[in-house]
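# Examining the three-dimensional arrangement
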Amino acid sequence: MLLYDHKEIEAKWQKHWKDNGTFHAQNHSDKPKFYALDMFPYPSGAGLHVGHPLGYIASDIVSRYKRHTGFNVLHPMGYDSFGLPAEQYAIQTGQHPAITTKDNIARYREQMDRIGFSFDWSREVRTSSPDYYKYTQEIFILLFDSWYDNIANKARPISELEFCFRESGTTSINAATTEDLQQFNAAQWNAFTENEKQEILLDYRLTFLANTEVNWCPALGTVLANDEIVNGVSERGGHPVVRKKMRQWMMRISAFADRLLNDLEDLDWSESIKEIQRNWIGKSIGSMVSFKLDGNFPLWGNAAGNGADAIQKDLKIDVFTTRPDTIYGVTFMTLAPEHELVDIITTAEQKQAVEAYKKATSARSERERMADVKTISGVFTGAYATHPLSDEKIPIWIGDYVLAGYGTGAVMAVPCGDERDHAFANHFAEKNGMPEIKNIFEGIDISEEAYAAKDDTKLTNSEFLNGLSYKSGAMAAAIEKLEETGAGKGKTNYRLRDAVFSRQRYWGEPFPVYYKDGLPQMIDRKYLPLELPEVDEYLPTEDGAPPLGRAKEWYWDAVNNKVVANPSLALPKGKGTSSSSEKASFSETEEKSALGYFTAKPEIASTLLERAQEMRKNPTDAEVTLWKELKGKKLEYKFRQQHPIGEFIPDFVCLTRKLIVEVDGKYHEFQIDKDDARTHKLEQKLGYKVLRFTNEQITNSLESVLKKITEALEQRPNFFPGKNEVLPFGKDLGWVGDQNEIYPLELNTMPGWAGSSWYMFRYMDANNETEIFSSEAQEYWQNVDLYIGGSEHATGHLLYSRFWIKLLHDLGKITVIEPFQKMINQGMILGESAFVHKVTMMFPVTAGDKFRNYTKNQIKHLEELNDRFPDLFISSEFYEKNFHDLPTVVELNNEWSFENLKNFVDSIDDSLIDPNILSIGDMKIHSDVSIVDVHNNLNISEFKKWRADFADSDFITEQDRTFKVSREVEKMSKSKYNVVNPDDICDQYGADTLRLYEMFLGPLEQAKPWNTAGITGVYGFMKKLWKLYHDDNGFNVSDEKASPDSMKTLHKTIKKVRQDIEDFSFNTSVSSFMIAVNELTAQKCNNREVLEPLAVLVSPYAPHIAEELWSLLGHKESISTAAFPVFEEKHMVESSKTYPISFNGKMKFTLDLPTDVSKDELEKMVLENDKVQEQLEGKVVRKTIIVPGKIVNFVVG
RNA sequence: GCUCGAGUGGUGGAAUUGGUAGACACGUUGGACUUAAAAUCCAAUGGGUAGUAAUGCCCGUACGGGUUCAAGUCCCGUCUCGAGUACCA
């Protein structure tokens, strides 16, 4: 082969590597290990653009280099293949996400294969594969079966907690929990029922169910994590996000906050990522302080009206402060408007103002509150608290600068030491309830601003703290005193919140969870994976349940341990499970053969009946109203009042349609949790539909209530055809519950970060079918030595995976405490968008009031003209140069004869509009970069083909008939038509050139624009490299000894490239290759002594050409494990060095001077030089600086 | 606002950690080859200025100061851009 043919060479070696498994890593080896990993790609439908492989190329270079230097290298790749885009696509097209995902992965793989990565594909993983998510589910169970022991500072199995409870109750336990939980002793614990015990344990588990305020995105129909929201809208799609209370699985990451913070220290990560994580964790050290409230308060607050005789005594407000040393500076207190005590403590006089303020705050959206941090607002509640140390009366305010979600939602305001408190105090100075600011800093003027510095400033007016300062222990002294008096205690707060783990989505891991009596139960790990069921649509159900609610079979048979159909929709045939998923359609005979079915749970049936009769006697007004409309088949269906179902007594029920109607009284809001659990059970387990209405709805809009009931009745199937009457305890209505052991499965799925939080450990033993990975494999590979990826995962993936790995470590599954020892964050490759300039029409308007100067008819005509303005494009350079003073459409028409334009000008009704006021402007339109050449010339005919709507447009070109586009650097994306596909580059220039050029663009960590034009330089280098080994007759390498110059070039390059790879400075390596090849070409070097090591040197960067040259050099083995050349100093030794000779620091000329002489001799030689004498003529040498090997400098006067 | 990072030719970017600023490449200009284009090769290319020329001088690493024999590099201040964060008590 005479010429360099990248196509043939690259295809040949890619096949060779694949056929020989060249890059399969060994789990047993004497070699030292090296684990290089790229961040998990999500296989999107758009395929890879040239920006994606950047990091993969870098990690591949390091991996190949490490193999050359004797390491056993693990360099795997796989796919984070669960996720929203495939699901959104499924919703739109009905295409199953598994199919889309499979196709996308195939495309990714094809693209990656062309670039020649040394991935070990035998270890590929996909998060959406049941073989993989089986273990994600297993880890979820591990989290469920663990609690966090604050004393041992580690996660421990929940069984150990149960043991502690049995032995000594809560007395010796300090566990990470959401809030202060109920305390009990061993006897009490042992007396609890099994369900009660489980409910208690649920509060301790590392994954737990909680009713929390979540970020609900209605457009996506799901909950989002904090890091999935950017500026108040969803990261994907930019949809609005609202706060909503939902029952969700949570992950107790907060328990690990301190370790996640401390362990950052030893990680070799960029300072900026560490800083982002530190801020996100947000540790603050301080103390809790309780302020007692002055007076007694009615039980439900003044607002409730009745029940006035019930009072609460000894109320207190807890605050968190980082400056307990400023406790004597407390001037007032501020509560978040949402604080639970606000209604209770507000005095009658202030009630109106407080209500109004609360209303105003809640009306403001999160975004508004975020955007507007300058406005100070708040209201005095009229109430006072007592200072815990000085017993002074402290007025209590509410203000929205206090966040309900952080700390306790209340602050002790110290205006002299906190800027926000200071601003608040001044804003309301001299108003009712705002005392004068207390100053506790000696010698500090706080009239203008607060003094927030934590320094040696002494405290004053602070009793026992007088004379102390922040630095000299005031903080510790204050906490000690607070603890002594019981008014507070030292505490550390974190900004990091527990992570919401439930997603109301289809395309994610199913939870291995079913619900029994409303309590979550884990499926035994030996029955995993719990596979994702098929659904008819990827949307929520009509009732708003997640898509899994549509699955025909999504119940857990706890006897046979398998997924089965909804029992309430199936005909139960005696004891045991139902296999039919048909909807119920009883025949007379079948009905009779059904055994022992009840509407109420048999064991408590009689008790329930008694209670029900009792309740029927005391209905509420709303119940009476509704019953009037339901009784006696007024809606065509028989309803029963207070009829026991299962273990509950619903207000109304239609048994044949299994429809329950509940009226929510005023207590509903205090027991939402319980009511929700009850609804859940009735619907999921017993197959009823529950409708809930409030008292107000029934009294105020009975019509619509009845309409909803009627609609629901009609939608429900008839569960008992031919029967309108069902006895409470007859044998004719099915009681399917515990006897069958069939329970509803969790309908939510796991979030995207579940599978990606532990994948780096699966690669160590990816094909293990019996366990997550073998401990031998993990002990050998330890953790990731080099992790390369973008920095956008700083608060998501990179934090969550650290959390999960710490958990697995605590439970003894993993020997390391961190997943990624070193990380490099590659910068984004940006696209160079191309814009064509389109001529637009402009007319003079006054600012702000667009059409004020025109009549109605004129405006109409203008708008019409604007719509009709012909499509006319103008070359950007021409526009820049000649259109500074924007011409009018008339002038334009005079200069250019375009028919469309002429017709347009002729059509202007000059009785309405003077054509001479219409000037032109320009508008930029994205053009596809593939139809623009390197000189920014647009291919006009291609453009017309691409944009058929502009097929008849006219183009104003440059004088040389070219049409220029303008360029702008933007993010590379499909919508900006600036995507460059690596396949095209591989076709034209080859993978080796692509790899080298991506590295050559600049430092890995820096963002930089892609410019395809520049690639010719690298391609030229490849051809020159090839030529070194060839002459006109083909391959020609000589075995003769190389010249010292060539040896010097080689060793200079060896030294540089070795150092560069260690420093991840790949761009400079490529430069030094170019320099080496340029020099060797000039030296006409073709010696094996130089060219053989050179091939190995370039092999990590350009592996295909290196393999080809290596085999041409006569080697049979792949170059991939050839020893990397070693730098030898002896080739660098020189007899002379070119010294810069400078005067007063300014370099004037250079001199070649010997290197083996002393400093004094050097000075002598320099001074003897004519040029030096010339410069020194008539001047006094004040000082001579000679640094051997570096520089000579004369200080002259 | 706060925190972190960065400002070097027309462009991407080098500069051994205080020692010849602009390596390497793109682009541009001129030339060779060619009927022509492409490809390839050669030369010039920070700005200004003097000279027919060889060559020389001045200014130059965002801006203003400083330390030093010597500063893109270290220190102080200012500006601009990028990233993170958003009242965290």
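Up top is the structure.
Residues numbered from 1 in each chain as written. Chains lettered and ligands numbered in written order. Predicted model: local features only at pLDDT ≥ 70, side-chain atom pairs only at ≥ 80, totals over all residues. Heavy atoms only, no water.

## Observations concerning the overall build of chain A
Counting secondary structure elements, chain A contains 40 helices and 42 strands. By its C-alpha atoms, chain A is 120 × 95 × 85 Å across when sized along the principal axes. Split into buried and exposed, the 1197 residues of chain A put 51% on the buried side. On chain A, roughly 55,900 Å² of surface is accessible, and the fraction owed to carbon and sulfur atoms is 48%. With 138 positive and 178 negative side-chain charges, chain A shows a separation of 2 Å between the mean positions of the two kinds. (Helix = DSSP H or I, 4+ residues; strand = E, 2+ residues; numbered from the N terminus. Buried < 20%, exposed > 50% of the residue type's maximum accessible area, 1.4 Å probe, protein only. Areas by Shrake-Rupley, 256 points an atom, 1.4 Å probe, with all protein chains shown as cover. Lys, Arg positive; Asp, Glu negative; His and termini not counted. Charge placed at Lys NZ, Arg CZ, Asp CG, Glu CD.)

## Structural notes on a negative patch on the surface
Together, E179, D180, E196, E199 and D203 make up a negatively charged patch on the protein surface. Within the secondary structure, E196 sits in helix α8 (residues 194–202). (Patch = residues over 30% accessible without salt bridge, like charges linked within 9 Å, V, L, I, M, F, W, Y side chains within 5 Å. Salt bridge = Lys/Arg side-chain N within 4 Å of Asp/Glu carboxyl O.)

## Side note on the protein's contact with RNA strand B
Close to RNA strand B lie 47 residues; T322, Y406, R420, L1001 and N1193 are nearest. Near the protein, meaning within 4 Å, the atoms of RNA strand B are sugar or phosphate in a fraction of 64%, with bases accounting for the rest. Take Y401: an N or O atom from its main chain is 3.3 Å from a sugar or linking oxygen of RNA strand B. Take N1067: an N or O atom from its side chain is 2.9 Å from a phosphate oxygen of RNA strand B. Among the secondary structure elements, those contributing two or more residues to the surface near RNA strand B are α10 (271–281), β13 (316–321), α34 (1015–1028), α36 (1066–1082), β39 (1136–1143), β40 (1146–1154), β41 (1181–1187) and β42 (1191–1196). (Near = heavy atom within 4 Å. Polar contact = N/O pair within 3.5 Å; in protein donor to acceptor, adjacent residues only side chain to side chain.)

## Thoughts on the pairing of β39
For β39 and β40, the ladder comprises eight bridges, and the chain directions are antiparallel. Directly across from I1141, in β40, lies its bridge partner F1149. Between β39 and the antiparallel strand that follows it, β40, lie two residues; N1144 among them carries a positive phi value of about 55°. Relative to β42, β39 runs parallel, the two sharing three bridges. In the sheet register, F1143 faces β42, and the bridge partner there is F1194. (Pairing = 2+ DSSP bridges.)

## Some details on the sheet that holds strand β27 (residues 689–694)
Ordered in space as β24-β25-β26-β27, the four strands form an open sheet in which the pairing is mixed. In this open sheet, the two edge strands, each paired with only one partner strand, are β24 (640–641) and β27. Examined bridge by bridge, β24 and strand β25 (residues 652–654) share two bridges and lie antiparallel to one another. The residue bridging Q641 from the neighbouring strand is F652, located in β25. Lying on the sheet, helix α22 (residues 702–715) is in contact with β25, β26 (659–664) and β27; it crosses β27 at an angle near 180°. (Contact = heavy atoms within 4.5 Å. Axes fitted to C-alpha atoms, helices over the stretch in contact; angles between N-to-C directions.)

## With respect to the sheet that holds strand β22 (residues 555–557)
Pairing is antiparallel in the open sheet, where three strands are placed in the order β23-β22-β28. The sheet is open, and its two borders are formed by β23 (562–564) and β28 (742–744), each paired with just one other strand. Taken over all neighbouring pairs, the strand axes of this sheet differ in orientation by 40° on average, direction set aside. As judged from the three bridges shared by β22 and β28, these two strands associate in the antiparallel manner. Considered in β28, the bridge of W556 is made with Y743.

## Section: the packing of aromatic side chains
The tally for this structure, following the rule as stated, stands at 68 aromatic pairs. Between Y56 and F117, the aromatic rings sit 6.0 Å apart at their centres with planes inclined by 80°, giving edge-to-face as the arrangement. Placement of the pair is Y56 in helix α2 (residues 53–68) and F117 in the loop between α4 (97–115) and α5 (130–144), with a sequence separation of 61 residues. Note on accessibility: Y56 and F117 belong to one class, buried. Joined through ring pairs, the aromatic side chains of F140, F144, W249, F501, F511, W753, Y800 and W804 make up one cluster. Note that R205 overlies the ring of F144, its terminal NZ or CZ placed 3.8 Å from the centroid. Directly above the ring of F208 sits R252, whose terminal nitrogen or CZ lies 4.0 Å from the centroid. (Phe/Tyr/Trp six-rings, centres within 6.5 Å; stacked < 30°, edge-to-face > 60°. Lys NZ or Arg CZ within 6 Å of the ring centre and 35° of its normal.)

## Details of the environment of P1093
Topologically, P1093 is positioned in helix α37 (residues 1088–1098). Note: C-alpha distance between P1093 and W554 (539 residues apart in sequence) is 63 Å. Aside from chain neighbours lying at most four places away, what touches P1093 is L1050, R1088 and P1125.

## What about the nonpolar core?
W249, F501 and W804 are the most contacted members of the largest nonpolar core, which totals 95 residues. Apart from the residues within four sequence positions on either side, W804 is in contact with T136, I139, L143, M251, F501, W753, A754, S757 and W758. Core analysis: the second largest hydrophobic core is formed by 83 residues, M77, L1025, M1047 and A1095 among them. (Core = buried A, V, L, I, M, F, W, Y, C linked by side-chain atoms within 4.5 Å.)

## Here we look at the packing of helix α19 (residues 621–630) against α22
Where α19 meets α22, the axes come as close as 11 Å, and the angle between the chain directions of the two elements is 50°. With respect to each other, α19 and α22 are oriented oblique. Where α19 crosses over α22, the handedness of that crossing is right-handed. Residues T625, L626, E629 and L630 of α19 form the contact with α22, whose participating residues are L702, V705, L706 and I709. (Parallel < 35°, antiparallel > 145°, perpendicular 65-115°, else oblique. Left-handed = near helix turned anticlockwise from the far one by under 90°.)

## What about the environment of H926?
Here H926 shows up in strand β33 (residues 919–927). With sequence-adjacent residues up to four places away left out, H926 is seen in contact with S833, A834, F835, W946, E970, K976 and Y977. A polar atom in the side chain of H926 sits 2.8 Å from the side chain of E970.

## Comments concerning unusual backbone geometry
With an omega dihedral of 0°, the bond running from L528 to P529 counts as a cis peptide bond. Residue K658 is not a glycine yet carries a positive backbone phi of 50°. In this fold, K658 is placed in the loop between β25 and β26. Phi is positive for F1064, close to 60°, though the residue is something other than glycine. With respect to the helices and strands, F1064 occurs in the loop between α35 (1044–1063) and α36.

## Some remarks on the side chain of D651
Within the secondary structure, D651 sits in the loop between β24 and β25. Here D651 is buried and forms no salt bridge, its nearest opposite-charge partner R678 lying at an N-O distance of 5.8 Å. Ignoring sequence-local partners within four residues, the contact set of D651 consists of E623, R640, Q641, Q642, V661, E662 and V663.

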